[in-house]
Amino acid sequence: MIASANDLPDGHCLDADICIVGAGAAGIAMAMELIDSGRDVLLLESGGFDDDPGTQALYAGSVADERLHSPPDRYRQRRFGGSTTIWGGRCMPFDAIDFAVRDYLPHSGWPIGLGDLMPYYPKANRLCEAGDFAYTVAEAFPVPTRPMMDGFASAHFTTDTLERFSCPTDFGARYGHKLRAATALRVLLHANVTAIRLDPAGERVDTLEVRTLSGRRFTARARHCVLATGGLEVARLLLASRDRHPKGIGNGHDLVGRYYMCHVAGTIGTLRFTTPLAAVHHGYDISAEGIYCRRRLALTAQTQRAQGIGNFIARLHHPRITDPAHRNAVLSLLFLARPFIPYEYAKRLHGDEQVAARAWLAHVRNVLSGPLDVLRFAWHMLRDRKLAERKFPSIVIRSRANMYSLDFHAEQQPNPASRVTLARDVDALGMPRLHVDWRYTEGDVQTVRRALELLAEDVRASGIGRFDFDTASVEREMTRYGAYGGHHIGTARMGADPRTSVVDADCRVHGVGNLFIASAAVFPTSSQANPTLTVVALALRLANHLQGPGAKA
Amino acid sequence: MRQVLVLGSSGFIGRRVSLALAGADWASLVSDDARGPPGMDAGARRIVVNVEDPGSMAAALRGIDTVVNCLGGKPETIVRGARALFAAAGRAVAPPLVVHLSSMAVYGSAQGTMGEDAPLRGDLGAYASAQIAAESSAASYPRVVILRPGVEIGPDGESWSGRVARWLYAGRLGDLGPAGDGVCNLVHVEDLVTAIIICSQRREALGGTFNLAMSEPPTWNEYFIAFARQLGAVPVRRISRRALILEAKGFAVPLKALELAARAAGLPALSPPPIPPSLLRLARQEIRLDCRRAARVLDWTCRSREAALADAAAGWHRDAAGRPLRVGKADRPAAR
């Protein structure tokens, strides 16, 4: 059932076997997995079914450098479905190397490996509505799809792994009817957990303190409590719960909120192909079960080790939209349509660049020069994106000049100085707000720079054209739009040793018997992959743990 | 040799049952299909029976040891046929064993796991009510076995294979999202025939009612996607909520009217036909048939989901030009 906390009497205490805080990708995935488990499950969600400015404002906070990180109330949604209400849907699993201890990458290494997640990835993939768990061309397509760059031979990169796209599925809209019909599961909307109260010994969660914006207060008590509130809010809740542990729960070694990672990403350089137009395929293929799939350039594990750099992938991309020199009607249209594109997408599409009036005119001229292209594009966007439930994932513009830029997405190394902390000011419920101080390292710049250099060498050696980029501009381009939005990783890292980690291999907070975390907060390293699929897989694994070995704890 | 009469022997299931009986060494087939299915032993006895007429039915039952009632089609045919059958059987000198084919539709709109003792609900239209009425006409007849199959598929099944295939090829069915999360209690027609044959022979079955469906049923989405892939009707489309509303509320009634008008005028049927709102309702329904009784009492097992779908898709491959074969075959089955 789904109910509203506003209808509960003040001072009430809710009991459950398992209480999950946060109805986003992780919380809903866990709830779905527990529906038929015989456990009494309580899912507390701060928001309602729709966007509510008052609730969303609870996410507001400050950032150390506005150029490097978006405000904390952007790229995440405090409502039923969580940030799956706005996500882009890109899915891919982590690579085996992401879990390994890499001596060249400080603080790397997970206490679990890819094999521990493999049993859960296929189901996670289904929940994300990304079809079969098939992430290579050979697995996903009985007849191989067109090569990404015909003639490209590389010892450093592969082009046969895929990213697959969710609808993108809003977990609340998609699975709400299942949660509503479930008898042993209660979803409580408008229920904000403001503190975690431990027992006198500080070793178990006694109660969760819950408040509504309408002024009600009550508590929830469960045998197992799971924080599924996203990588930023997990740290905030742990740090703000200080009655037994003055530095916050799980923070005896000053680790909560540290090692905060997003991804480093950007668009750079010019790839000019000398091969025929048809030899380049940078768009999507649709798998038999109807999923948009796309090849990408992926840096091999062997190369990462040999070069001592992090994980890295790249895609062919259109030229920068803001510069009308691309003379492309559709790109100029996108520039002019900027006010109608949601903030989260517009930022990476155009940035916040100031554009001169003359450039505006040039964009208008570009649009007028290609009315047919504009119409075709508008129809495609209307049919395949706006009206479609399975949305065409991104803008793919074929270059008549056979010229592309490179869109990269790279692993950020764990860095204790990159962190979120509690600010002095509080939100409407009296909870300290977050202060985000995201930082990158020279190692991150090196990962991107070295990968691009290798790519340039391989393109040249293959004789398919050339890739030019300004080595000196790498740092500027990878931080042009700041940290990649929406990927909040590492603030409660997983590890075997409580002195260097916050949760154990079962996602249980060290030293607190019944407190678990289902979030990218527990990732010790960030991979090249977008986090949602792995968050869902970890959540399913945790749900199974709580029904099996963890149930006895 | 036992004399076994198959009623509705020209239908999807009746035909398969007749073929199985024609090849059995313990049974002598009596068919109500004047032409008889292709490939059937010419030695079968064929009779003409007006199934809605008790007198005609009584005459048909003379000398019959077992009746397999596969009568389908219009609701009134189902009800009148069953009433005539059980009335005649009750008055017969040697009352025959009747294997009566009902349907999971008798559970109506119920959600959850349904055992055979679950209450019956006639809340899903005329077909479901007819099946309940047909079952109740057997209430005072002791020598009966009632079978309640789920969604029957097979290479020449029209309701759940043929028209579904055409909708999949036309991109009107596919991944329905939340609208296709219901349980699809598939049963392959040959597994159903096996159950019928077992019930005709096993004493333990007598007086029993049995649900029949595969034990690990897919959701409707999983069924549509897997069937489309078997058919080669790919890539599977995501059907939006908007399209489903249009299909069920906007187009269904005018398309149905067109279809009826076309039939009255002797024109070919629409292909594919309109998707009935009842199918879309079923695709949401989380009803799971509990078939443990059939497994326990009848030792009944059924083939895997993959094998069942592969066989159902076998008759539907594309021609050289990539067009789905047999698309024109949209005739409505008069019997099951």
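Just so we're clear, the structure is a prediction, and the values are computed from it rather than from any experiment. (Residues numbered from 1 in each chain as written. Chains lettered and ligands numbered in written order. Predicted model: local features only at pLDDT ≥ 70, side-chain atom pairs only at ≥ 80, totals over all residues.)

A. Highlighting the overall build of chain B. Counting secondary structure elements, chain B contains 11 helices and 11 strands. Dimensions of chain B along its principal axes, counting C-alpha atoms only, are 60 × 40 × 35 Å. Contacts in chain B between residues at least 24 apart in sequence constitute 76% of all its contacts with a sequence separation of at least 6. (Helix = DSSP H or I, 4+ residues; strand = E, 2+ residues; numbered from the N terminus. Contact = placed C-beta atoms within 7 Å.)

B. Looking closely at the overall build of chain A. The helix and strand tally for chain A stands at 15 helices and 19 strands. Relative to the compact-globule value of 24 Å for 553 residues, chain A shows a C-alpha radius of gyration of 23 Å, a close match. Each principal axis of the C-alpha distribution contributes one length, and for chain A these read about 70 × 50 × 50 Å. For chain A, with 553 residues in total, the buried portion stands at 52%. By sequence separation, contacts in chain A at least 24 residues apart represent 76% of the contacts at least 6 residues apart. (Rg over C-alpha atoms; globule rule 2.2 N^0.38 Å. Buried ≥ 20, exposed ≤ 12 C-beta atoms within 10 Å, placed from the backbone.)

C. Layout of the interface of chain A and chain B. Counting residues at the interface gives 13 residues for chain A, matched by 15 residues for chain B. It is helix α6 (residues 171–181) of chain A that contributes the most residues to the side of chain A that touches chain B, 4 residues altogether. Its residues placed into classes, the side of chain A that touches chain B shows 5 nonpolar, 3 polar and 5 charged. (Nonpolar A, V, L, I, M, F, W, Y, C, P; charged D, E, K, R; others polar.)

D. View of the sheet that holds strand β1 (residues 2–7) of chain B. All names here are of chain B. Taken in spatial order, the 7 strands line up as β3-β2-β1-β4-β5-β7-β10 in an open sheet, and their pairing is parallel. Bordering the open sheet on either side are β3 (45–46) and β10 (209–212), each of which pairs with just one other strand. Where β1 lies against strand β2 (residues 27–31), 5 bridges are found, and the strand directions are parallel. Following the sheet pairing, L5 is matched in β2 by V30. The sheet strands contacting helix α3 (residues 75–91) are β1, β4 (66–69) and β5 (97–101), and the helix crosses β4 at an angle near 170°. (Pairing = 2+ DSSP bridges. Axes fitted to C-alpha atoms, helices over the stretch in contact; angles between N-to-C directions.)

E. Local environment of the nonpolar core. Residues C19, M30, V226, I517, A518, V536 and A539 of chain A are the most contacted members of the largest nonpolar core, which totals 145 residues. With 10 residues, the top contributor of residues to this core is helix α15 (residues 532–547) of chain A. For C19 of chain A, the contacting residues outside a window of four places in its chain are L42, L44, L208, A220, A222 and C225 of chain A. Grouped together as the second largest cluster of nonpolar side chains are 99 residues, V98, L168, I287 and A313 of chain B included. (Core = buried A, V, L, I, M, F, W, Y, C linked by C-beta atoms within 7 Å.)

F. Representation of the sheet that holds strand β16 (residues 419–426) of chain A. Residue and element names in this part refer to chain A. Here we have 3 strands laid out as an open sheet, ordered β4-β17-β16, and mixed in their pairing. Edge strands, defined here as strands with exactly one partner in the open sheet, are β4 (62–63) and β16. As paired elements, β16 and strand β17 (residues 432–437) share 5 bridges and run antiparallel to each other. The residue of β17 that forms the bridge with T421 is H435. Strands β16 and β17 of the sheet are contacted by helix α7 (residues 230–240), whose axis makes an angle of about 60° with β16.

G. Quick peek at the pairing of strand β9 (residues 205–211) of chain A. All names here are of chain A. Two strands pair when backbone bridges link them, and strand β8 (residues 192–198) and β9 are joined in this way by 6 bridges, in the antiparallel orientation. Among the inter-strand pairings, L198 is bridged to a residue of β9, identified as V205. Sheet topology places β9 next to strand β10 (residues 217–227); 4 bridges connect them, and they run antiparallel. The residue bridging R211 from the neighbouring strand is R217, located in β10.

H. Structural view of the domain arrangement of chain A. Residue and element names in this part refer to chain A. In terms of domains, chain A is made up of domain 1 (2–130 + 169–262 + 416–439 + 487–552), domain 2 (132–165 + 264–318 + 396–410 + 441–482) and domain 3 (322–395). Each of domain 1 and domain 2 has a C-alpha centre, and the two are 32 Å apart. Tallying the contact residues gives 21 residues for domain 1 and 17 residues for domain 2. Elements represented by at least two residues in the side of domain 1 that touches domain 2 include exactly β5 (90–91) and α4 (121–127). (Domains from an automatic or database assignment.)

I. Structural detail: the environment of G55 of chain B. Inspection of the secondary structure assignment puts G55 of chain B in helix α2 (residues 54–61). Between the C-alpha atoms of G55 of chain B and L168 of chain B, which are 113 residues apart in sequence, the distance is 45 Å.

J. Region of interest: the pairing of strand β13 (residues 292–299) of chain A. All names here are of chain A. In terms of burial, β13 is a largely internal element, 8 of the 8 residues being buried. In β13, alternate side chains face the same way, and those of Y292, R294, R296 and A298 on one face and C293, R295, L297 and L299 on the other are all buried. Connecting strand β12 (residues 285–286) to the next strand, β13, in antiparallel fashion are 5 residues, including G290 with a positive phi near 90°. As defined by bridge partners, β13 adjoins strand β14 (residues 312–317) across 2 bridges and the pair is classed as antiparallel. Residue pairing in the sheet places L297 in a bridge with A314 of β14.

K. Structural context of helix α11 (residues 357–369) of chain A. Residue and element names in this part refer to chain A. If you check α11, its first and last C-alpha atoms are 19 Å apart, about what 13 residues at 1.5 Å a residue would give, namely 18 Å. Of the positions making up α11, those classed as buried are H363, N366 and V367. When α11 is viewed along its axis, its buried side chains cluster within an angular range of 95° and face the same direction. Seen from the buried face of α11, the exposed residues on the opposite side, beyond 90 degrees, are A357, R358, L361 and L368. (Expected span 1.5 Å × (residues − 1). Arc of directions from axis to C-beta.)

L. How the structure looks around the environment of A140 of chain A. Residue and element names in this part refer to chain A. Turning to its location among the elements, A140 is positioned in helix α5 (residues 137–140). With 22 residues separating them in the primary sequence, A140 and L162 have C-alpha atoms 8.7 Å apart. When residues no more than four places from it in sequence are discounted, the contact partners of A140 are D132, A134, L162, S287 and C293.

M. Representation of the confidence of the model for chain B in the model. Residues and elements named next belong to chain B. In the predicted model, chain B carries a mean pLDDT of 88, and 90% of its residues have values of at least 70. Throughout residues 327–335 the model reports pLDDT below 50, and contacts reaching past four residues in sequence, or to other chains, amount to 22 contacts. Across the assembled chains, the prediction reports ipTM 0.93 with pTM 0.93. (pLDDT = per-residue confidence, 0-100.)

N. Structural detail: helix α7 (residues 220–231) of chain B. Residue and element names in this part refer to chain B. Helix length check: α7, at 12 residues, gives a terminal C-alpha distance of 16 Å against a target of 16 Å (1.5 Å per residue), a fit within 8%. Within α7, 11 of the 12 residues are buried, which leaves it mostly tucked inside the rest of the structure. Taken as a whole, α7 has its buried residues at W220, N221, Y223, F224, I225, A226, F227, A228, R229, Q230 and L231. Looking at the residues trailing α7, positive phi occurs at G232, about 80°.

O. A look at the environment of S103 of chain B. Residues and elements named next belong to chain B. Within the secondary structure, S103 sits in the loop between β5 and β6 (112–114). Note: C-alpha distance between S103 and R296 (193 residues apart in sequence) is 20 Å. Setting aside anything within four residues of it in sequence, one finds S103 in contact with Q131, R148 and P149.

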